[in-house]
Amino acid sequence: MGAGRGMKTGLVSLFVVPAIALVAGGWWLLADRQSRDVRLGQQLYQENCASCHGANLEGQANWKTPDENGILPAPPHDETGHTWHHGDRLLFGYIKLGGAAAMKRAGFDGFKSGMPGFGNVLSDQEIGQTLAYIKSNWPEKLQSLQEQSTKTEAESNG
């Protein structure tokens with residue numbers, strides 16, 4: 001074993017293992033936690049989101065066309081929609097605060113949205129679990145692109 005390999009292992013242990021241990025006590029538990037979050041997220045999605053966004057994340061018909069009040073129908077959350085284009089901070093805020101409030105916070109005053117806020121219904125953890133379920137339905141390439149959007153969002157918002 002060369003010095004380079006030992007150093008690499010040490011850096012991996014320094015940065016990865018503590019995060020895994022803090023989150024779930026070990027890598028195998030982290031994987032279990034992720035699948036548990038997806039299962040709980042699916043249940044939360046069905047209870048709170050499916051009535052508008054569809055039981056299979058398909059959204060409402062004509063979701064790109066505003067109604068007579070200028071409000072867009074609920075978009076799909078599968079790969080045919082635009083959810084995967086957005087970073088986690090925006091998605092989380094959209095669910096917690098509601099569409100109009102989240103967009104106002106992002107600097108878009110007067111944005112019309114039919115999306116209510118769920119901050120009084122779902123805990124932050126439950127919102128995260130719901131997002132985990134939604135993301136789990138996307139192809140790997142879109143999951144990767146959404147992860148990059150999250151990184152870009154974090155870098156631009158400090």
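Basis of the calculations
Residues numbered from 1 in each chain as written. Predicted model: local features only at pLDDT ≥ 70, side-chain atom pairs only at ≥ 80, totals over all residues. Heavy atoms only, no water. Salt bridge = Lys/Arg side-chain N within 4 Å of Asp/Glu carboxyl O. Helix = DSSP H or I, 4+ residues; strand = E, 2+ residues; numbered from the N terminus. Buried < 20%, exposed > 50% of the residue type's maximum accessible area, 1.4 Å probe, protein only. Disulfide = S-S within 2.5 Å. Axes fitted to C-alpha atoms, helices over the stretch in contact; angles between N-to-C directions. Parallel < 35°, antiparallel > 145°, perpendicular 65-115°, else oblique. Contact = heavy atoms within 4.5 Å. Nonpolar A, V, L, I, M, F, W, Y, C, P; charged D, E, K, R; others polar. Core = buried A, V, L, I, M, F, W, Y, C linked by side-chain atoms within 4.5 Å. Left-handed = near helix turned anticlockwise from the far one by under 90°. Expected span 1.5 Å × (residues − 1). pLDDT = per-residue confidence, 0-100.

### Side note on the pattern of salt bridges
In the structure shown here, the tally under the stated rule is 3 salt bridges. Across the salt bridge formed by lysine 151 and glutamate 147, the nearest N and O atoms sit 3.6 Å from each other. In this pair, lysine 151 and glutamate 147 are both assigned in helix H8 (residues 140-156), 4 residues apart and thus about one turn of the helix distant. Classification of lysine 151 by relative accessible area gives partly exposed; the value is 43%. Classification of glutamate 147 as partly exposed rests on a relative accessible area of 44%.

### A closer look at the state of the cysteines
Per the counting criterion, the structure on display carries 0 disulfides. With no disulfide of its own, cysteine 49 lies 8.7 Å from the sulfur of cysteine 52, the closest cysteine sulfur. The buried category is assigned to cysteine 49, whose relative accessible area is 15%.

### Here we look at the packing of helix H5 (residues 88-97) against H8
The description of two helices packed together rests on the angle between their axes and the distance between the axes. Their axes nearest at 7 Å, the elements H5 and H8 cross at an angle of 90 degrees. On the basis of their axis angle, the class for H5 and H8 is roughly perpendicular. Here Asp88, Arg89, Leu90 and Leu91 of H5 come into contact with H8, specifically with Gln146, Thr150, Glu153 and Ala154. Residue composition of the contact of H5 with H8, by class: 3 nonpolar, 2 polar and 3 charged.

### Here's the deal with unusual backbone geometry
Unlike most non-glycine residues, leucine 57 shows phi in positive territory, near 65 degrees. Of note, leucine 57 is situated in the loop between helix H4 (50-53) and H5. Backbone geometry places asparagine 62, a non-glycine residue, at a positive phi of 55 degrees.

### Points about H5
Along H5, the residues that are buried comprise Leu91, Gly93 and Ile95. For H5, the secondary structure elements touched by its buried residues are helix H6 (99-105), helix H7 (124-136) and H8. Glycine 98 sits one or two positions beyond H5 and adopts a positive phi of about 100 degrees.

### Digging into the nonpolar core
Core analysis: the largest hydrophobic core is formed by 9 residues, namely Tyr45, Cys49, Ala50, Leu57, Trp84, Tyr133, Ile134, Trp138 and Leu142. The contacts of tyrosine 133, once residues within four sequence positions are left out, are Val38, Gly41, Gln42, Tyr45, Gln46, Ala55 and Leu57. One finds Leu44, Ile95, Phe118 and Leu122 within the second-largest nonpolar core, a separate group that totals 7 residues.

### Quick word on the packing of H5 against H7
Where H5 meets H7, the closest approach of the two axes is 10 Å, and the angle between their N-to-C directions is 120 degrees. Judged on the interaxial angle alone, H7 and H5 are oblique. For the element pair H5 and H7, the recorded crossing hand is right-handed. In this structure, H5 uses Asp88, Leu91, Phe92, Ile95 and Lys96 to contact H7, whose residues at the interface are Asp124, Ile127, Leu131 and Lys135.

### Things to note about H7
Counted at 1.5 Å a residue, the expected span for H7 with its 13 residues is 18 Å, and the 18 Å between its end C-alpha atoms agrees. Among the residues of H7, Ile127, Gln129, Thr130, Leu131, Tyr133, Ile134 and Lys135 are the ones counted as buried.

### Looking at the confidence of the model for the protein
Averaged over all residues, the pLDDT of the protein equals 83, while 78% of them reach at least 70. Contacts for the low-pLDDT stretch residues 1-30, under 50 throughout, to residues beyond four places or in other chains number 12 contacts.

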